[in-house]
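Here's the letter readout for the chains.
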Amino acid sequence: RRSGQYTMNHEDSKKTPDGAPFDRSGSQDSLDELSMDDYWKELENIHETRGNNHEEQEALVVKEPDEGELEEEWLKEAGLSNLFESTDDSLESMVFLSTLTRTQKAAVEKRVETVTQTMRKKNKQYQIPDVRDIFRLQCDSKGKVGDGSEPSTVRTYENKNETQDEAKGNARQLPLLLGTDEQMSPLEDSRLSETAINLEISFSEQAANLKDSSVGKMCKGGGDDTLLPNFRLPKDKTGTTKIGDLAPQDMKKVYSLALIELTALYDILGTEFKQQKAAKIKTKDSGLFGVPLSVLLEQDQKKVPGTKTPLIFQKLISQIEESTLETEGLLRIPGVAARVKSLCQELEAKFYEGTFNWENVKQHDAASLLKLFIRELPQPLLTVEYLKAFQDVQNLPTKKQQLQALNLLVLLLPEANRDTLKVLLEFLQRVIEHRDKNKMTLKNVAMVMAPNLFTFRGFGSKTIEQSEFVMAAGTANVMRFMIQYQKLLWTIPKFIVDQVRKQNTESQKKEKKDKAMKKLLKKMAYDREKHEKQDKTPNDADVPQGVIRVQAPHLSKVSMAIQLTEELKAGDIVARFLSQKSGNVQTLKKEEVFLYEIGGNIGERCLDDDTYMNDLYQLNPNAEWVIKSKNS
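Going by the annotation in an unreviewed UniProt entry, the name recorded for the protein is Rho GTPase-activating protein 18, with Dromaius novaehollandiae given as the source organism. The UniProt entry for the protein carries this comment under Subcellular location (unreviewed entry): "Cytoplasm".

See the structure below:
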């Protein structure tokens, strides 16, 4: 049973954190054994399909990392691998660290500590910097701590064999070392609705503050579709940021921050977070089934430039929908195994030639092919690195924290995986909308789809242990969450966007200092003064205070000065340009163009129509404002 395609470690899922003060929303609370029938039947169908397939691929095996290797890889993924170097890059890391919250810094320090200890063992002849010396640089740059004295925890190890208990004690003193951030009390959070997702304060900070309070027991388990909380996002006047709204350079920062934040959240809640790593295996470099997503997209983009999900994946979904989504048992009833295998081979030969006859494909066969495509990917759609973290979401204490963790995990997925997952979840939601006819409720669809996203070859044994039932029920619950709350999952939390803004501001300050120093060394005072005058003139002369100048190259040859008011929204500005009816405006629809915030403390950000412009202007007064389409 354990030698599967996605061979993961599940031992940790059997453990519960010692002394956890929470009421668990365990999987048994949500899904009883009787309701798991669809799950086990789907596993049997998968087992049968694989049994008929004699062209077995090489199994994907997860490597066991050496001591400290996981933490070293984590620091690399978080963009902090240069902390131990005395270079300009390490200074950039210091800028990055200065923008982190208390709990995020604790997560970083914990990993740096492990890597430091490992480096000491491997390189005893070298002087390895102490973790607290690395963080000390931040404190020194900000001045003294507390009453002006040096923090007592900033010191070098006198005893290289310091015990784990002492190390934990140091972690508890971390706020003294790093200073304190503005935090929210449990009482303040309790004033928010239990179903409101607070995106303004770090999730891990919220968890730390709520850990010992009664508020942390809200939204416990529940199995029926109707019992899932109606989570909502309180309106942010500076606009909601969705995945795809930010420029690539800012999304890199979002990735690093999401990884650190997720790790901090899991640390606070007592759930182990370990990125898995797969051993390299041979994969197909062409075809449809069993081909890496990146390879599929590369060959598909030659045929359809700009496509973000595999063409065969899109076609299978459209083929299912062409018939009707009201078919009873859709996704649950399998196609005929021999026929599905034959169709699979025929698609491989004829799909790209355009000679495949889709009229011969029955709806249940198309659904089986769709599920086959997902589980035959050489690496899971949820990735080897984060598949176990997705599974472990079930171990988090409250539904709100489970949703927060899933939000961060979606941010960590590679773009191709994330785009494909989004299309899949949107399709599954459309299936559920016809539940009165097709009898496929949220729970039924989650049961059927979970094995295709979470299991591995050989898992479907008829001897079911209790631990396997818990994992199965848990992954089905995670699948329910992803379908039910998909619109929330594709939102970038405001606190992360604010941290990106802060990083950009700090980096710009550093760049300005560097430029000023170069100019001073070159003694180009005259040119510098002239340049500064030119920089000051446009803002002072052309744009009065409380007015922004908006450009719309596709709609108008001239920019428009817009007077800001308390109620003016981004959608109002776009509508004003569209109403001018000039240029090629007739070819553009309202839903195709957006107002963008460009520069200042952000690279580029697409604004939602309900963004209050005056509030955003106060947050980023140096930005430029441009109306354009997302594809331009």
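Caption draft 1: Structural context of the pairing of strand S7 (residues 593–599). Looking at chain direction, S7 and strand S9 (residues 624–629) are connected through 6 bridges and run antiparallel. Looking at the pairing, Glu-597 lines up with Trp-625 of S9. Relative to strand S8 (residues 602–606), S7 runs antiparallel, the two being bridged by 4 bridges. In the sheet register, Glu-597 faces S8, and the bridge partner there is Arg-605. Hairpin connection from S7 to S8: 2 residues lie between these consecutive antiparallel strands, with Gly-600 at a positive phi of about 75 degrees.

Caption draft 2: Looking closely at the packing of helix H5 (residues 102–122) against helix H11 (residues 248–268). Orientation of H5 relative to H11, taken along the N-to-C sense of each, is 90 degrees, at an axis distance of 8 Å. Taken together, the axes of H5 and H11 lie roughly perpendicular to each other. Only Ile-260, Glu-261, Thr-263, Ala-264, Asp-267 and Ile-268 of H11 make contact with H5, whose side of the interface consists of Thr-103, Gln-104, Ala-107, Val-108, Lys-110 and Arg-111. Considering only residue class, the contact of H5 with H11 consists of 5 nonpolar, 3 polar and 4 charged.

Caption draft 3: Summary view of helix H25 (residues 570–578). Among the residues making up H25, those that are buried are Ala-570, Gly-571, Ile-573, Val-574, Phe-577 and Leu-578. End-on, the buried residues of H25 take up no more than an arc of 160 degrees, which puts them together on one face. Each element contacted by the buried residues of H25 is listed here: strand S5 (547–551), strand S6 (560–563), S7, helix H26 (613–619) and S9.

Caption draft 4: Local environment of the pattern of salt bridges. Summed over the entire model, instances satisfying the criterion amount to 22 salt bridges. Note that Lys-350 is salt-bridged to Glu-346, the shortest N-O span being 3.4 Å. One end of the pair is Lys-350 and the other is Glu-346, both in helix H14 (residues 337–350) and 4 residues apart, which spans about a single turn. Using a relative accessible area of 32% as the deciding quantity, one classes Lys-350 as partly exposed.

Caption draft 5: Expanded view of the sheet that holds S8. Spatially, the 5 strands line up as an open sheet ordered S6-S5-S9-S7-S8, and their pairing is mixed. The open sheet terminates on both sides in strands that have one partner only, identified here as S6 and S8. The average angle at which neighbouring strand axes cross in this sheet is 30 degrees, direction not considered. When S5 meets S9, the two strands line up parallel, connected through 2 bridges.

Caption draft 6: Expanded view of the side chain of Asn-620. Following the sequence through the fold, Asn-620 ends up in the loop between H26 and S9. Apart from residues no more than four positions distant in its own chain, Asn-620 is found in contact with Arg-501, Glu-597, Gly-599, Gly-600, Asn-601, Ile-602 and Trp-625.

Caption draft 7: Expanded view of the packing of aromatic side chains. In the structure shown here, the tally under the stated rule is 11 aromatic pairs. Look at Tyr-39 and Trp-40: their rings are 5.0 Å apart centre to centre, the planes differ by 80 degrees, and that puts the pair in the edge-to-face class. On the basis of relative accessible area, Trp-40 is assigned to the buried category, the value being 16%. Ring centres of Phe-203 and Phe-495 lie 5.1 Å apart, and the angle between their planes is 75 degrees; on these two criteria the pair is classed as edge-to-face. Of the two residues, Phe-203 sits in helix H10 (residues 203–210) while Phe-495 sits in helix H23 (residues 494–522), which places them 292 residues apart along the sequence. In this structure Phe-203 comes out as buried when scored by relative accessible area, which is 0%. With a relative accessible area of 5%, Phe-495 lands in the buried category. Among the aromatic residues, those joined into a cluster by ring pairs are Phe-351, Tyr-352, Phe-356 and Trp-358. Cation over ring: Lys-237 sits above Tyr-612, and NZ or CZ is 4.7 Å from the ring centre.

Caption draft 8: Representation of the environment of Phe-203 within the structure. Each C-alpha atom of the pair Phe-203 and Glu-261 lies 7.5 Å from the other, and the pair is 58 residues apart in sequence. The contacts of Phe-203, once residues within four sequence positions are left out, are Asn-198, Glu-261, Leu-265, Gln-404, Asn-407, Leu-408, Pro-493 and Phe-495.

Caption draft 9: Local environment of the confidence of the model for the protein. Put simply, the protein has an average pLDDT of 77, and 68% of its residues get 70 or more. Of all the helices and strands in the protein, helix H8 (residues 174–178) carries the lowest mean pLDDT, 36, while helix H18 (residues 415–432) carries the highest, 97. Between residues 457–466, whose pLDDT stays under 50, and residues either more than four places distant or in other chains, the model counts 24 contacts. Overall, residues 535–541 carries pLDDT values under 50, and its contacts beyond four positions in sequence, including any with other chains, amount to 2 contacts.

Cut-offs applied
- Residues numbered from 1 in each chain as written.
- Predicted model: local features only at pLDDT ≥ 70, side-chain atom pairs only at ≥ 80, totals over all residues.
- Heavy atoms only, no water.
- UniProt positions renumbered as here; feature names shortened; annotations may be inferred.
- Pairing = 2+ DSSP bridges.
- Helix = DSSP H or I, 4+ residues; strand = E, 2+ residues; numbered from the N terminus.
- Axes fitted to C-alpha atoms, helices over the stretch in contact; angles between N-to-C directions.
- Parallel < 35°, antiparallel > 145°, perpendicular 65-115°, else oblique.
- Contact = heavy atoms within 4.5 Å.
- Nonpolar A, V, L, I, M, F, W, Y, C, P; charged D, E, K, R; others polar.
- Buried < 20%, exposed > 50% of the residue type's maximum accessible area, 1.4 Å probe, protein only.
- Arc of directions from axis to C-beta.
- Salt bridge = Lys/Arg side-chain N within 4 Å of Asp/Glu carboxyl O.
- Phe/Tyr/Trp six-rings, centres within 6.5 Å; stacked < 30°, edge-to-face > 60°.
- Lys NZ or Arg CZ within 6 Å of the ring centre and 35° of its normal.
- pLDDT = per-residue confidence, 0-100.

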